[in-house]
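Structure at a glance
One-letter residues, chain by chain:
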Amino acid sequence: MRPLALLPRPGRARRALLLCVGALTGGVFGLAWWVDRFGRRDRVTDAEVLVVLGARVLPGGAPSGALRARVEQAAELYHRGVAPWLLLSGGVGAHPPSEARVMRELAVAAGVPASACVLEEDSHSTEDNARSCARVLRERGARRVVVVSDPYHLLRARQCFRREGWEVATSPAPIAGRMRAEERAYWTVREAFALLLRPRLWWARVPGGR
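Now for a description of the structure that goes with this document.

Cut-offs used in this document
- Residues numbered from 1 in each chain as written.
- Predicted model: local features only at pLDDT ≥ 70, side-chain atom pairs only at ≥ 80, totals over all residues.
- Heavy atoms only, no water.
- Salt bridge = Lys/Arg side-chain N within 4 Å of Asp/Glu carboxyl O.
- Helix = DSSP H or I, 4+ residues; strand = E, 2+ residues; numbered from the N terminus.
- Buried < 20%, exposed > 50% of the residue type's maximum accessible area, 1.4 Å probe, protein only.
- Pairing = 2+ DSSP bridges.
- Right-handed = clockwise from strand over helix to strand, strands pointing away.
- Axes fitted to C-alpha atoms, helices over the stretch in contact; angles between N-to-C directions.
- Contact = heavy atoms within 4.5 Å.
- Core = buried A, V, L, I, M, F, W, Y, C linked by side-chain atoms within 4.5 Å.
- Phe/Tyr/Trp six-rings, centres within 6.5 Å; stacked < 30°, edge-to-face > 60°.
- Lys NZ or Arg CZ within 6 Å of the ring centre and 35° of its normal.
- Polar contact = N/O pair within 3.5 Å; in protein donor to acceptor, adjacent residues only side chain to side chain.

Moving on: the pattern of salt bridges. A side chain of one charge can pair with a side chain of the opposite charge when the charged atoms of the two come close. Counted under the stated rule, the structure contains 10 salt bridges. In this structure, Glu191 engages Arg156 in a salt bridge whose closest nitrogen and oxygen atoms are separated by 2.8 Å. Taken together, the residues Glu191 in helix H6 (residues 181–196) and Arg156 in helix H5 (residues 154–163) connect sequence positions 35 residues apart.

And the structure:
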């Protein structure tokens, strides 16, 4: 074997490529660590509304495990008196009806009055959730919201809602028993990539700069 000192040094382009790959890898896994740590903590506080973000609806209109867990978490917060109404956000995906309608059925079954459930049925992404919910929130004069979603989703969701001008607390839906460790790792890294590709979200702050 040739001594390391005698091996040809990588060219400038190759060094630049290796540096970029290293920076990207470190950035993704650093963000993934942040996403995971953020989502593990329940930051719930008294608010004017609980915003529940939708998840997949299965064939026949059955709720996915994620959808059910998010609504159950929101219903528990409602019964604790955290907020007086729920804004259920999610349009029609691969299978009807809309995520919001399925969530309302679950919320009512969990003891939340139908009159306390407001539907937003136009959104198909987290940024859509924030923009479409913003219209409803402005109409109702709400400023402080608690966003409920899966833990790995909460950091990006908070930043999207902050960017629309809301004071945001977050509350994670439980994932124990419905998601394996490797699945959680996959979705956490996926969220890190989503944040890395949307740098404008990094600068979203509490309204008024607080």
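In this section: the pairing of strand S5 (residues 167–172). Of all six residues in S5, five are buried; the element is thus mostly enclosed. Sheet analysis places strand S4 (residues 144–149) next to S5, joined by six bridges and oriented parallel. When the bridges of S5 are listed, Ser149 appears paired with Pro172. Of the crossover connections in this fold, the one passing from S4 over H5 to the parallel S5 is right-handed.

Attention shifts here to the sheet that holds strand S3 (residues 117–120). Pairing is parallel in the open sheet, where five strands are placed in the order S3-S2-S1-S4-S5. Whereas interior strands pair on both sides, the edge strands pair on one side only; in this sheet they are S3 and S5. Each neighbouring strand pair of the sheet contributes to a mean axis angle of 25°, computed without reference to strand direction. By the bridge criterion, four bridges tie strand S1 (residues 49–53) to S4 in an arrangement that is parallel. Paired with Val49 across the bridge in S4 is Val145. Set on the sheet, helix H2 (residues 65–79) makes contact with S1, strand S2 (86–89), S4 and S5; between it and S1 the angle comes to about 175°.

In terms of nonpolar packing, the biggest core is built from 60 residues, with Val51, Leu86, Leu87, Leu137, Val147 and Phe161 touching the most fellow members. For this core, the element with the highest residue contribution is H2, accounting for seven residues. Leave out the neighbours within four places in its chain, and Leu137 touches Val49, Trp85, Leu87, Ala142, Val145 and Trp166.

For the coordinates displayed, the defined rule picks out two aromatic pairs. The interplanar angle of 15° and the centroid separation of 6.1 Å between the aromatic rings of Tyr152 and Trp187 together place this pair among those described as stacked. Of this pair, Tyr152 sits in the loop between S4 and H5 while Trp187 sits in helix H6, and the two are 35 residues apart along the sequence. Judged by its relative accessible area of 9%, Tyr152 is buried. For the pair Tyr186 and Trp187, a centre-to-centre distance of 5.1 Å together with 80° between the ring planes defines the contact as edge-to-face. Ring-pair connections join several aromatic residues into one group, and the members of that group are Tyr152, Tyr186 and Trp187. We note Arg43 situated over the ring of Phe38; from NZ or CZ to the ring centre the distance is 4.0 Å. Its guanidinium or amino end placed over the ring of Trp85, Arg140 lies 4.7 Å from that ring's centre, counting from NZ or CZ.

As for its placement among the helices and strands, Arg70 is situated in helix H2. You can call Arg70 buried: its relative accessible area is 5%. In this structure, Arg70 is in contact with Val52, Leu53, Gly54, Ala55, Val148, Ser149, Asp150, His153 and Ala173, ignoring residues within four places of it in sequence.

Moving on: the environment of Asp42. Position of Asp42 relative to the elements: it lies in the loop between helix H1 (12–39) and S1. Each C-alpha atom, one on Asp42 and one on Pro151, is 9.1 Å from the other, the two residues being 109 residues apart in sequence. A polar contact is formed between the side chain of Asp42 and the backbone nitrogen of Val44, at a distance of 3.1 Å. Here Ser171 takes part through its side chain, which lies 3.3 Å from a polar atom of the side chain of Asp42.

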